[in-house]
Each structure stands twice: as structure tokens, then as C-alpha cells.
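Structural description and commentary
Chain by chain, the residues:
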Amino acid sequence: MRRMRGVVMMRAEEKVMVDGTHPTRAGMNTATHTPDAPLAVTAADAPRAQVADANAPDLPAAIPAATLVVFREHAGHAPELLMVERAQKMAFAAGAMVFPGGRIDPGDHELAETLAPVDADDAAARIAAIRETIEEAGLPVGLAEMPSPEVIAQMRRALHARQPFEAALRAAGARLDLDALVPFARWRPAHRHMRIFDTRFYLAHLPADAPCASVDRTENVRLTWASAQAVLDEADAGRMSIIFPTRRNLERLAQFPSFEATVADARVTPQRVVTPWAETRDGEEWLCIPQDLGYPVTAEPINTALRG
């Protein structure tokens, strides 16, 4: 192991880049920023990690959640990922850049049961990730056919009005394609005195005929397409805020030159629930994750790790 810029890196022989390089900062695309939103998000006042034993009896119950990492590709460039900035009023990850997603609702489970899935919890999580991406960004990823822009807008209005996703799909004549989502990771932090989310991460490719993404201006205040490395660079420069799980997943995603390469790695990399833990190293507290789950950075000083 070696330290670099306050983190622990796995040795090169333990994790090798697919193409031998990182994507460059040129992957930042700000074309979809809302015009009245600032480019920079400072992390100066963001809360720092407070870690407990995952099995401690006083921890709040974990809230099942799902998030979708949507890829947009251009030949010769690192893939761009869709990210949204959480509103400052939000209780979780306020002001942070995150992937679209949210909690898994009872309606997601009910809809999943009608599909007779092999794994009902996984199906409900995929449905939630699809639903939240439509609601937050207006992108119909994970549907069998691409609806018209008018139908997509209709579905989004229905979701904002708290109508069941199943009813919105039926009114639109739309069908789900859960296989369009690829499992990538599952994180369940252990924080005292705050919400804990048991979040499943999925990968998906932006359909060629998808409409432009647009921010919902409720839970989120802006969105952007950017390469994983570009977001990391912006965060390191203090112009964006990203919480610990998002940072670790961006570092992992930044290793790959394409959606195809990312999916190939996800299919062969073990997938267990990631629960960060704290340990003391040379008198300093570090926040750590397992070293065998595909993450190139597996530890960070607790005093620099941002939580929700």
C-alpha cells in the first residue's frame, strides 16, 4: 500500500487501469448546468464522517435505496456520467454532486412482484433507479421503447404529483426493461444520529434517441454530464462537493475507457455490501473499505471524508 494526497492507493500490480491512463479533466461538460446555478460548490461546511459499528444496536434502520450511473459516450473521449447537485435544503448530501437515485418505495416492490423476478428486492431497486432518473432528470433509461418527449414529460409530471410509477407507465403505454441496468455496487454506511441508506448502484447506457436531461429543481438544483475524473478534479479543487461513497465510486469508474469495459469489470468483480469502518493508522483515524471489490482507493483520513 502507498499513500498519496491523503488517501491510500492500491499498488499498481493490485489494480491496473484498462487503458493505462486516467480520463482527463476535459471530460467536464457544463452545457446542461442551469444558467442561474453557480459552477462551484464548496465543501467547507460539509459534515465529516462519524463512523459506528455496522452491527451496533443504536444505529438507525437502513433505508433501501437505488441509484443509476448513466453513461454518455463520445468516440475518443472518456465516458461522461450524469450527475445532479442536491439542493441545500435536503437532509441527505445537501449541496453534493450525486448520481440520480433515491429510496425504494413500496410501489416499486409491488410493481416488481408483477414481473415475477428471480430476485424481488433487486427488481424493486432497478425499478426505483429507473423511476428516480425519470423524475430527477427526465431521462427514460430502462424502458423497452423510447417514448416521445411529450409522453416522457407526462410521466415526469405524474411522478412529481406522487402518482404510482405503475400508473404512469400504464398511461404512457411504456414497458420496463430491467436488464438494461447492470449491478455495480452496494453501499451501506454506518453513521450514528443520521439517515443510513442501503444503496444499490446500477450502470446503464444512455439510449441514442434519449431526450436532453433537465433538472427537476426540487430535490436537485442543477445537473451536468462529466467524466468521472473531471468530477474528481473539480472536487479536489474545491469547486464541487462529493461524499465518501460517491468519491470512491467515481475513482473506480475513472479507471475504464468505456461503458463496455466498466460493465465487463462489474461482471467479474465481487459484489458485497460495502460498509466503511474506522481504524487508526500511525495515530490518525482513517475511513476504510475492503481492498478486493475493485476500488483503487480504499482509505481516506476521516477528517477529510465527507458524509451526507
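Keep in mind the model is a prediction, meaning the values are calculated, not measured.

We now examine the overall build of the chain. Counting its regular elements, the chain contains 7 helices and 14 strands. The contacts of the chain with a sequence gap of at least 6 include a subset with a gap of at least 24, amounting to 70%. Put simply, the chain shows about 13900 Å² of open surface, and 52% of that area lies on carbon and sulfur atoms.

Right, let's get into the packing of aromatic side chains. Inspection of the entire model under this criterion finds 3 aromatic pairs. Between Trp187 and Phe244, the aromatic rings sit 6.1 Å apart at their centres with planes inclined by 65°, giving edge-to-face as the arrangement. Taken as a pair, Trp187 in strand S8 (residues 182-187) and Phe244 in helix H6 (residues 244-253) lie far apart in primary sequence, 57 residues in all. Residue Trp187 shares its accessibility class with Phe244, and that shared class is buried. A centroid spacing of 5.7 Å and a plane angle of 85° characterise the contact between Trp187 and Tyr295, whose relative ring orientation is edge-to-face. Of this pair, Trp187 sits in strand S8 while Tyr295 sits in the loop between strand S13 (284-288) and strand S14 (297-301), and the two are 108 residues apart along the sequence. For the pair shown, Trp187 and Tyr295 are each scored as buried. One aromatic cluster is present, built from ring pairs that chain together Trp187, Phe244 and Tyr295. Here the basic side chain of Arg252 rests over the ring of Phe184, its NZ or CZ set 3.8 Å away from the ring centre. Directly above the aromatic system of Tyr295 lies the positively charged group of Arg252, at a separation of 5.0 Å from the ring centroid.

So, on to helix H4 (residues 165-172). When H4 is considered as a whole, its buried residues turn out to be Phe165, Ala168, Leu169 and Ala172. Taken down its axis, H4 places every buried residue within 100° of arc, on the same side. Seen from the buried face of H4, the exposed residues on the opposite side, beyond 90 degrees, are Arg170 and Ala171. Next to the buried residues of H4 lie helix H1 (106-114), helix H2 (120-137) and helix H3 (149-160).

With that settled, consider the pattern of salt bridges. Per the stated rule, a full pass over the model turns up 18 salt bridges. The shortest N-O distance in the salt bridge between Asp122 and Arg126 comes to 2.7 Å. A residue pair is termed a helical-turn pair when its members lie 3 or 4 positions apart in one helix, as Asp122 and Arg126 do in helix H2 at 4 residues. On the basis of relative accessible area, Asp122 is assigned to the buried category, the value being 15%. Glu166 is the partner of Arg170 in a salt bridge, and the nearest nitrogen-oxygen pair spans 2.5 Å.

A general tendency of soluble globular proteins is for nonpolar side chains to be buried together. In terms of nonpolar packing, the biggest core is built from 40 residues, with Leu68, Leu82, Ile130, Leu139, Phe165, Leu169 and Leu176 touching the most fellow members. Elements with a minimum of two residues in this core: strand S4 (62-72), strand S5 (80-86), H1, H2, H3, H4, strand S9 (196-205) and strand S10 (220-226). By residue number, the principal contributor to this core is H2, which donates 9 residues. Among residues more than four places away in sequence, those in contact with Leu169 are Leu111, Leu143, Met155, Ala174 and Leu176. Formed by 34 residues, the second largest nonpolar core is a distinct cluster that contains Phe184, Leu203, Val263 and Ala305.

Conventions adopted
Residues numbered from 1 in each chain as written. Predicted model: local features only at pLDDT ≥ 70, side-chain atom pairs only at ≥ 80, totals over all residues. Heavy atoms only, no water. Helix = DSSP H or I, 4+ residues; strand = E, 2+ residues; numbered from the N terminus. Contact = heavy atoms within 4.5 Å. Areas by Shrake-Rupley, 256 points an atom, 1.4 Å probe, with all protein chains shown as cover. Phe/Tyr/Trp six-rings, centres within 6.5 Å; stacked < 30°, edge-to-face > 60°. Buried < 20%, exposed > 50% of the residue type's maximum accessible area, 1.4 Å probe, protein only. Lys NZ or Arg CZ within 6 Å of the ring centre and 35° of its normal. Arc of directions from axis to C-beta. Salt bridge = Lys/Arg side-chain N within 4 Å of Asp/Glu carboxyl O. Core = buried A, V, L, I, M, F, W, Y, C linked by side-chain atoms within 4.5 Å.

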